[in-house]
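Tertiary structure, described
Take a look at the letters that make up each chain.
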Amino acid sequence: MILMTFAISGTTKIFCLIGHPVEHSMSPTMWNAALQELGLDYTYVAFDVESNNLENAIKSMRALGIKGMNVTIPHKEAVIKYMDEVEEVAMKMGAINTIKNDNGVLKARNTDAGGALKSLIEAGCKISGKNVLFLGSGGVARSVAYILSNKVNKIILTDIVEKNALSVANEIKKNMGANIEGKLANLEMLKKTINDIDILINATPIGMHPKIDNTPIPKELLHEDLFVFDVIYNPLKTKLLKEASEIGCKTLGGLDMLVNQGVLAFEWWTGKNPNSTLMKSKIIEFLGLRQ
Ligand code: NAP
């Protein structure tokens with residue numbers, strides 16, 4: 001692949017990420033490769049912004065004319081109050097990760113959730129009318145459950161702490177009018193529910209590097225009609241995904257979600273389609289992963 005020559009000049013504009021910490025972010029690598037390939041006169045940088053400087057960081061976006069800003073932990077919720085416009089579902093979620101500076105008007109979206117949805121659709125997962133079981137009720141489960149909640153038949157959110165699952169499920173039920181329930185994650189619950197489930201989503205860190213021999217659900221409970229989505233991207237194929245493939249399930253790993261949240265922001269900010277294969281290969285290279 002030939003990358004176009006790129007030089008920062010007086011006309012170069014900035015896209016950026018803010019968060020704390022950000023040194024290990026993969027976004028600059030992935031974004032700059034895609035921007036350069038399209039010959040766009042932008043550069044993407046990461047700024048380490050602590051919570052007491054969040055308001056100043058947003059003022060700087062306006063003052064410096066920064067065209068696009070991604071927001072990561074710990075600012076996804078707190079930043080909302082500085083926005084001029086927030087898309088409806090992100091407002092209900094109470095979390096955003098992408099800001100567009102539209103001639104001084106700051107507009108915000110949540111492309112984490114959209115990235116997961118895009119990945120599921122691209123992987124051929126049928127969503128409409130399906131029953132979905134989430135393992136985990138943390139940040140990722142919450143945002144993906146929000147975006148799926150008005151598209152599927154039923155969602156079951158689970159957690160090793162029952163009140164966490166109940167509280168997220170009740171919130172989504174209230175905000176989205178969704179058919180969703182929270183349950184304690186244990187073997188008995190999995191045995192009782194799994195046969196009615198079409199889409200299984202692992203949104204826990206179980207199976208993530210370095211504990212790659214762990215899996216959140218015993219292989220014998222999986223059935224071939226399941227679509228299994230593991231949001232973990234390191235390793236690229238978790239033990240859960242390997243066992244699900246052996247049984248005959250369709251599977252999807254977390255890398256596409258990671259890339260697609262960037263793709264959606266890229267399209268929104270530039271109006272152009274980035275090379276998602278290049279973006280993916282840059283993440284694989286950055287993490288030193290094997291395909
Ligand atoms: P999180 O907020 O810590 O959520 C993890 C949740 O899983 C917690 O609620 C935890 O419960 C629960 N849990 C742990 N063990 C469980 C079990 N056996 N059964 C059911 N629930 C269990 O983490 P997160 O930010 O949502 O991230 C989750 C995973 O997503 C991580 O592996 C991360 O690497 C991955 N991730 C992927 C992407 C992507 O783009 N692909 C982006 C971000 C994160 P307790 O809190 O009670 O322990």
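What you are looking at is a predicted structure, and each value in this text was computed from that prediction instead of being measured. (Residues numbered from 1 in each chain as written. Predicted model: local features only at pLDDT ≥ 70, side-chain atom pairs only at ≥ 80, totals over all residues. Heavy atoms only, no water.)

**So, the pairing of strand E5 (residues 98-102)**
Most of E5 is tucked away: four of the five residues are buried. As judged from the three bridges shared by strand E3 (residues 68-71) and E5, these two strands associate in the antiparallel manner. Bridge pairing in E5 links Gly68 to Lys100. Bridge count for E5 against strand E6 (residues 105-109) is five bridges, and the pairing is antiparallel. Bridged to Asn101 within E6 is Leu106. (Buried < 20%, exposed > 50% of the residue type's maximum accessible area, 1.4 Å probe, protein only. Helix = DSSP H or I, 4+ residues; strand = E, 2+ residues; numbered from the N terminus. Pairing = 2+ DSSP bridges.)

**Comments concerning the site of the ligand**
Residues in close proximity to the ligand total 21 residues, the closest being Gly139, Val140, Asp159, Val231 and Gly254. For the ligand, an oxygen atom lies 3.1 Å from a polar atom in the backbone of Gly139. Residue Val231 places a main-chain N or O atom 2.9 Å away from a nitrogen atom belonging to the ligand. Its free accessible area being 920 Å², the ligand has 69% of it covered by the protein chains. Only helix H5 (139-148) and helix H9 (255-270) provide two or more residues apiece to the shell around the ligand. Partitioning the shell around the ligand into residue classes produces 13 nonpolar, seven polar and one charged. (Near = heavy atom within 4 Å. Polar contact = N/O pair within 3.5 Å; in protein donor to acceptor, adjacent residues only side chain to side chain. Areas by Shrake-Rupley, 256 points an atom, 1.4 Å probe, with all protein chains shown as cover. Nonpolar A, V, L, I, M, F, W, Y, C, P; charged D, E, K, R; others polar.)

**Digging into the packing of aromatic side chains**
Where two aromatic rings form a pair, the distance of their centres and the angle of their planes describe that pair. The tally for this structure, following the rule as stated, stands at six aromatic pairs. Residues Phe15 and Tyr42 carry aromatic rings whose centres are separated by 4.2 Å and whose planes lie at 5 degrees to one another, so their mutual orientation is stacked. Of this pair, Phe15 sits in strand E1 (residues 13-19) while Tyr42 sits in strand E2 (residues 42-48), placing them 27 residues apart in sequence. For Phe15, a relative accessible area of 0% gives the class buried. Judged by relative accessible area, which is 15%, Tyr42 ranks as buried. An aromatic cluster of three or more residues is present, and its members are Phe15, Trp31, Tyr42, Tyr44, Phe266 and Trp269. (Phe/Tyr/Trp six-rings, centres within 6.5 Å; stacked < 30°, edge-to-face > 60°.)

**Details of the nonpolar core**
Ranked by internal contacts, the top residues of the largest apolar core, which has 33 residues, are Phe134, Leu148, Ile155, Leu157, Ile172, Ile201 and Phe229. Broken down by secondary-structure element, the contributors of at least two residues to this core are helix H3 (88-93), helix H4 (111-122), strand E7 (131-135), H5, strand E8 (154-159), helix H6 (162-176), strand E10 (199-202) and strand E11 (227-230). In terms of residues, this core owes the most to one element, H5, which gives six residues. If you count residues domain by domain, this core takes at least three from each of domain 1 (13-110 + 256-290) and domain 2 (113-253). (Core = buried A, V, L, I, M, F, W, Y, C linked by side-chain atoms within 4.5 Å. Domains from an automatic or database assignment.)

**Structural notes on the domain arrangement of the chain**
Assigned domains within the chain: domain 1 (13-110 + 256-290) and domain 2 (113-253). Computed over C-alpha atoms only, the centres of domain 1 and domain 2 are separated by 26 Å. Facing the 16 residues of domain 1 at the interface are 22 residues of domain 2. Contact between domain 1 and domain 2 buries roughly 1600 Å² in total, counting both sides, with carbon and sulfur atoms accounting for 68%. When the buried area of domain 1 at its contact with domain 2 is split by residue, Lys92, Met93 and Met257 rank highest and sum to 39% of it. (Contact = heavy atoms within 4.5 Å. Buried area = accessible area lost by both parts, 1.4 Å probe.)

**Here's the deal with the sheet that holds E2**
Sheets are built from strands paired through backbone hydrogen bonds, the pairs being either parallel or antiparallel. On the basis of which strands lie adjacent, the open sheet formed by six strands has the order E2-E1-E3-E5-E6-E4 and mixed pairing. Either end of the sheet is taken by a strand with one partner, and the two such strands are E2 and strand E4 (85-86). With four bridges connecting them, E1 and E3 associate as parallel partners. Bridge pairing in E3 places Leu17 opposite Asn70. Its contacts with the sheet put helix H2 (residues 54-64) on E1, E3, E5 and E6, and the angle it makes with E5 is roughly 40 degrees. The strands touched by H9 within the sheet are E1, E2, E3, E5 and E6, with E5 carrying the most contacts at an inclination of about 5 degrees. (Axes fitted to C-alpha atoms, helices over the stretch in contact; angles between N-to-C directions.)

**Overview of H6**
Over its 15 residues, H6 runs 21 Å from end to end, which matches the ideal 21 Å to within 8%, given 1.5 Å per residue. Looking only at H6, the buried set comprises Ala165, Val168, Ala169, Ile172 and Met176. When H6 is viewed along its axis, its buried side chains cluster within an angular range of 100 degrees and face the same direction. Residues of H6 that are exposed and angled more than 90 degrees away from the buried face: Lys163 and Lys174. On its buried side, H6 packs onto H3, H5, E8 and strand E9 (180-184). In the stretch just after H6, Gly177 is the one whose phi turns positive, near 65 degrees. (Expected span 1.5 Å × (residues − 1). Arc of directions from axis to C-beta.)

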